[in-house]
Amino acid sequence: MTTTLLLARHGQTVWHAENRYAGISDVALTDTGVTQAEALGRWAAAHPVDAIWTSPLSRAVLTAAPAAHALNLVPHTEPALRECDFGVVEGRTLSEFAAENPGAAEAFRSDPVAYPFPESEDPTAAAARGAAALQRIAAAHSGGRVLVVAHNTLLRLVLCRLLSIPLGEYRRVFPMLRNAAVSEIRMMQGESALLSFNVPCV
């Protein structure tokens, strides 16, 4: 049976407004991020889902809240949907890191999976945990529609893994998930298909 997952990145945060890596840091939504969450809630009211799952980080939980309220659903929290740990780059921009360590920054740009940031989570392991989480969610809601609110890098890695795209290409193939935009995938018998990507809710 086919399960539809609607993947959404959380709303804008203070760090993301400055293009800083948030990772596992719990960073608050900006006013813009709150507005984006409200837009996602209105979208969910017009395109109902059977369940809502979120990362445990507050920026994802708060982004999912308006949708949960609109549909009278209690969101489920899945620890495996947390963002990747970016190690020494948490709270910093890529440009700041490049100024300090240009060689490591250039290696990351060339292949972010083979050359992740120092002290960061292994991107291959992050892709595996995220993909496994989506597979569990799809199995738990077989035949249904599920909104999943998570994070930019994790979801791009997971999309690559589910669609058999080399993980090292995630920044090129999926340059960015827009805040609170929706990407639709369908999962059936271990296979996945991407039906839409980065569709805005406004």
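Residues numbered from 1 in each chain as written. Predicted model: local features only at pLDDT ≥ 70, side-chain atom pairs only at ≥ 80, totals over all residues. Heavy atoms only, no water.

### Regarding the pairing of strand S5 (residues 182-188)
Step number 1: Taking burial as the measure, the seven residues of S5 include five buried ones, the bulk of the element.
Step number 2: Direction of pairing for strand S1 (residues 3-9) relative to S5: antiparallel, over a ladder of six bridges. In the sheet register, Thr 3 faces S5, and the bridge partner there is Met 187.
Step number 3: Bridging between S5 and strand S6 (residues 191-199) involves six bridges; their strand directions are antiparallel. (Buried < 20%, exposed > 50% of the residue type's maximum accessible area, 1.4 Å probe, protein only. Helix = DSSP H or I, 4+ residues; strand = E, 2+ residues; numbered from the N terminus. Pairing = 2+ DSSP bridges.)

### Focus: helix H7 (residues 152-162)
Step number 1: Where burial is concerned, most of H7 is hidden: ten out of the eleven residues are buried.
Step number 2: Each element contacted by the buried residues of H7 is listed here: S1, helix H6 (123-140), strand S4 (145-150), helix H8 (170-173), S5 and S6.
Step number 3: After H7 finishes, the residue Ser 164 shows a positive phi value of roughly 60 degrees. (Contact = heavy atoms within 4.5 Å.)

### A short note on the environment of Ala 125
Step number 1: Within the fold, Ala 125 resides in helix H6.
Step number 2: On the accessibility criterion, Ala 125 (37% relative accessible area) is partly exposed.
Step number 3: Taking C-alpha positions, Ala 125 is 14 Å from Pro 79, a pair spaced 46 residues apart along the chain.

### Details of the pattern of salt bridges
Opposite charge on two side chains lets them pair, provided their charged atoms get close.
Step number 1: By the definition in use, this model includes seven salt bridges.
Step number 2: Here Glu 18 ties to Arg 20 by a salt bridge, and the two come within 2.7 Å at their closest N and O atoms.
Step number 3: Residue Glu 18 is classed as partly exposed on the basis of its relative accessible area, which comes to 44%.
Step number 4: Overall, the relative accessible area of 21% leaves Arg 20 in the partly exposed class. (Salt bridge = Lys/Arg side-chain N within 4 Å of Asp/Glu carboxyl O.)

### Some points on the side chain of Glu 90
Step number 1: Tracing the sequence through the fold places Glu 90 in the loop between strand S3 (76-77) and helix H4 (94-100).
Step number 2: With no salt bridge to any partner, buried Glu 90 finds its closest opposite charge in Arg 59, at an N-O distance of 6.8 Å.
Step number 3: Within polar-contact distance, the side chain of Glu 90 engages the side chain of Ser 25 at 2.6 Å.
Step number 4: When residues no more than four places from it in sequence are discounted, the contact partners of Glu 90 are Trp 15, Tyr 21, Ala 22, Gly 23, Ile 24, Ser 25, Cys 84 and Asp 85. (Lys, Arg positive; Asp, Glu negative; His and termini not counted. Polar contact = N/O pair within 3.5 Å; in protein donor to acceptor, adjacent residues only side chain to side chain.)

### So, the packing of H6 against H7
Step number 1: Packing of H6 against H7 brings their axes to within 8 Å, and their N-to-C directions diverge by 75 degrees. Between H6 and H7, the angle falls in the class roughly perpendicular. Together, Pro 123, Ala 126, Ala 127, Ala 128, Arg 129, Gly 130, Ala 131, Leu 134 and Gln 135 of H6 and Leu 154, Leu 157, Val 158, Arg 161 and Leu 162 of H7 make up the contact between the two elements.
Step number 2: Taken together, the residues that form the contact of H6 with H7 break down as ten nonpolar, two polar and two charged. (Axes fitted to C-alpha atoms, helices over the stretch in contact; angles between N-to-C directions. Parallel < 35°, antiparallel > 145°, perpendicular 65-115°, else oblique. Nonpolar A, V, L, I, M, F, W, Y, C, P; charged D, E, K, R; others polar.)

### Quick look at the side chain of Asn 198
Step number 1: Along the chain, Asn 198 falls in strand S6.
Step number 2: A polar atom in the side chain of Asn 198 sits 2.8 Å from the backbone oxygen of Met 176.
Step number 3: The residues touching Asn 198, leaving out its near neighbours within four places in the chain, are Met 176, Leu 177, Arg 178, Ala 181, Val 182 and Ser 183.

### Structural notes on the sheet that holds S1
Step number 1: Pairing in this open sheet of six strands is mixed, and the strands run S3-S2-S4-S1-S5-S6 from one edge to the other. Two strands lie at the open edges of the sheet, namely S3 and S6, each paired on one side alone.

### Let's talk about the packing of aromatic side chains
Any two aromatic rings considered together are summarised by their centre-to-centre distance and by the angle between their planes.
Step number 1: A full pass over the atoms with the stated rule returns six aromatic pairs.
Step number 2: Measuring from centroid to centroid gives 5.4 Å for Phe 97 and Phe 117, while their planes differ by 80 degrees, and the two rings are edge-to-face. Of the two residues, Phe 97 is situated in helix H4 and Phe 117 in the loop between helix H5 (102-110) and H6; the sequence distance between them amounts to 20 residues. The same class applies to Phe 97 as to Phe 117, namely buried.
Step number 3: Centre to centre, the rings of Phe 174 and Phe 197 are 5.1 Å apart; their planes meet at 45 degrees, and the pair counts as tilted. Taken together, the residues span a long stretch of sequence, with Phe 174 in the loop between H8 and S5 and Phe 197 in strand S6 at a distance of 23 residues.
Step number 4: The exposure class assigned to Phe 174 is buried, which follows from its relative accessible area of 5%. (Phe/Tyr/Trp six-rings, centres within 6.5 Å; stacked < 30°, edge-to-face > 60°.)

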